[in-house]
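Next come the chains, spelled out residue by residue.
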Amino acid sequence: MLKIAPSILAANPLNLQRDCLEAEKYGAYRISVDVMDGHFVPDITFGHNIVAYLNRILNIDIEVHLMVENPSSQLELFLNAGADVLTFHIETSSDVNRLIDYIQSNKKKAGIAINPDTNIENVEKYLEYIDELTVMTVVPGKGGQSLIVDCLDKVKQLRKIKEMNNLGFDIQVDGGVKKDNIKLVNDAGADIAVAGTAIFNSENSIQNNLQALIDALRL
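Residues numbered from 1 in each chain as written. Predicted model: local features only at pLDDT ≥ 70, side-chain atom pairs only at ≥ 80, totals over all residues. Heavy atoms only, no water.

> How should the overall build of the chain be read in this particular structure?
The helix and strand tally for the chain stands at seven helices and eight strands. Against the globule reference of 17 Å for 219 residues, the chain gives a C-alpha radius of gyration of 16 Å, in line with a compact fold. Principal-axis analysis of the C-alpha atoms places the extent of the chain at approximately 45 × 40 × 30 Å. For the chain, buried positions account for 53% of its 219 residues. Pairs at least 24 apart in sequence give 64% of the contacts found in the chain among residues at least 6 apart. If you sum the accessible surface of the chain, you get close to 10,100 Å²; carbon and sulfur atoms cover 44% of it. Across the chain, 20 positive and 30 negative side-chain charges occur, with their mean positions spaced 5 Å apart. (Helix = DSSP H or I, 4+ residues; strand = E, 2+ residues; numbered from the N terminus. Rg over C-alpha atoms; globule rule 2.2 N^0.38 Å. Buried < 20%, exposed > 50% of the residue type's maximum accessible area, 1.4 Å probe, protein only. Contact = heavy atoms within 4.5 Å. Areas by Shrake-Rupley, 256 points an atom, 1.4 Å probe, with all protein chains shown as cover. Lys, Arg positive; Asp, Glu negative; His and termini not counted. Charge placed at Lys NZ, Arg CZ, Asp CG, Glu CD.)

> Looking at this model, I keep getting lost on the sheet that holds strand E3 (residues 61–67). Mind explaining?
Strand pairing in a sheet relies on backbone hydrogen bonds, with the paired strands running either antiparallel or parallel. Overall, parallel pairing links the eight strands, which are arranged E1-E8-E7-E6-E5-E4-E3-E2 in an open sheet. Two strands bound the open sheet, and with one partner strand each, they are strand E1 (3–6) and strand E2 (30–36). Each neighbouring strand pair of the sheet contributes to a mean axis angle of 25°, computed without reference to strand direction. The pairing of E1 with strand E8 (residues 192–195) spans four bridges and is parallel. (Pairing = 2+ DSSP bridges. Axes fitted to C-alpha atoms, helices over the stretch in contact; angles between N-to-C directions.)

> Before we go on, may I ask you to explain the layout of surface pockets in this structure?
Gaps left between atoms show up when a probe the size of a water molecule is rolled over them. Put simply, the largest pocket is a space of about 170 Å³. Grouping the amino acids of the lining of the largest pocket by side-chain chemistry returns three nonpolar, six polar and two charged. (1 Å grid on protein atoms, 1.4 Å probe; cavity = no way out; pocket = protein on both sides within 12 Å on 5 of 7 lines; lining within 4 Å. Points joined across faces, edges and corners; volume = space filled by probe spheres on them. Nonpolar A, V, L, I, M, F, W, Y, C, P; charged D, E, K, R; others polar.)

> What is the right way to read the packing of aromatic side chains from this model?
For any pair of aromatic rings, the description rests on two quantities: the centre-to-centre distance and the angle between the ring planes. Taken as a whole, this structure holds zero aromatic pairs when the rule is applied. We note Lys 3 situated over the ring of Tyr 29; from NZ or CZ to the ring centre the distance is 4.6 Å. The lysine or arginine in question, Lys 162, covers the ring of Phe 169, its NZ or CZ lying 5.8 Å from the ring centre. (Phe/Tyr/Trp six-rings, centres within 6.5 Å; stacked < 30°, edge-to-face > 60°. Lys NZ or Arg CZ within 6 Å of the ring centre and 35° of its normal.)

> I'm lost on the pairing of strand E4 (residues 85–89) in this one. Help?
On a regular strand, each side chain points to the face opposite its neighbour's, so the side chains alternate between the two faces of the sheet. Counting buried positions along E4 gives five out of five residues, so the element sits mostly inside the fold. Here four bridges tie E3 to E4, and the two strands are oriented parallel to one another. Bridging from a neighbouring strand, Val 64 pairs with Leu 86 of E4. Summarising the sheet, E4 and strand E5 (residues 109–114) pair through five bridges and their orientation is parallel. Note that in E5 the partner of Leu 86 across the bridge is Ala 110. Read from E4 through helix H4 (residues 96–105) to E5, the crossover connection turns out right-handed. (Right-handed = clockwise from strand over helix to strand, strands pointing away.)

> Explain the pattern of salt bridges to me, please; I cannot follow it from the model alone.
Side chains that carry opposite charge are capable of pairing whenever their charged atoms lie near each other. This structure, assessed with the given rule, holds nine salt bridges. Among the ionic pairs, Lys 162 bridges to Asp 191, the shortest N-O distance being 3.2 Å. Linking Lys 162 in helix H5 (residues 152–164) with Asp 191 in the loop between helix H6 (182–188) and E8, this pair joins segments that are 29 residues apart in sequence. Taking the relative accessible area as the measure of exposure, Lys 162 reaches 10% and is therefore buried. Among the charged side chains, a network of salt bridges with common partners joins Arg 159, Lys 162, Glu 163 and Asp 191. (Salt bridge = Lys/Arg side-chain N within 4 Å of Asp/Glu carboxyl O.)

> What is the right way to look at H5 in this model?
A turn of α-helix holds 3.6 residues, and therefore any two residues three or four places apart point the same way. For H5, built from 13 residues, the straight-helix expectation of 18 Å at 1.5 Å per residue is met to within 8% by its first-to-last C-alpha distance of 18 Å. Buried residues of H5: Leu 152, Lys 154, Val 155, Leu 158, Arg 159, Ile 161 and Lys 162, and no others. Seen from one end, H5 has its buried residues packed into an arc of 165°, which puts them on one side. In H5, the exposed residues that point more than 90 degrees away from the buried face are Lys 160, Glu 163 and Met 164. Asn 166 sits one or two positions beyond H5 and adopts a positive phi of about 55°. (Expected span 1.5 Å × (residues − 1). Arc of directions from axis to C-beta.)

> What is the right way to look at the environment of Gln 104 in this model?
Note on placement: Gln 104 falls in helix H4. For Gln 104, a relative accessible area of 29% puts it in the partly exposed group. Each C-alpha atom of the pair Gln 104 and Ala 216 lies 35 Å from the other, and the pair is 112 residues apart in sequence. When sequence neighbours within four positions are dropped, the list of residues in contact with Gln 104 reads Ala 110, Tyr 129, Ile 130 and Asp 131.

> Explanation requested: the side chain of His 89 in the structure shown.
Position of His 89 relative to the elements: it lies in strand E4. Only 3.0 Å separates the side chain of His 89 from the side chain of Glu 91, close enough to count as a polar contact. Apart from residues lying up to four places away in sequence, His 89 is in contact with Phe 40, His 65, Leu 66, Met 67, Ala 113, Asn 115, Met 136 and Pro 140. (Polar contact = N/O pair within 3.5 Å; in protein donor to acceptor, adjacent residues only side chain to side chain.)

Take a look at the structure:
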């Protein structure tokens, strides 16, 4: 079944500990931390100190999604803070193999993310080396956007490439995942779905929101 990774971008920072522990308790696969630098995307969000804190209280993995212009300058900080997965954007790096090698040499998972307007061909040569490929289904930088359904065609294409070549990377979808479209994400061939507002930003409890997503997958 599709694994669900709550994104704290949509969480209330005043309730961060409580909400992340609740997400873990009720079935979250891992926690996703969106790091934005105000350059690659307009917003500024979390630093390595948040990851270090979450690492102390959680027993599930933490993915750090680096939406930053210079990911190589941030890797050591987040590795030392306890990130389990480090994802950087193909649009930001001229030395992709070096970043992958550096992350994996520290015994962590290396992921690449692609924007909605980035073609699969831009990352195809790296698929045999990475642990994950994140397909952005919104324009990165803001939570609460609607999923761009056409981006799921990339997921289908990646699934075919993965199976035809017996590759081991996971396919992650990030952006606009909700209970009314999560089945589409699963059926396209994704392994992991990041969900923010569908879990944290609601009048319903985190338990109920996670269960609603799980239930939608079974329809």
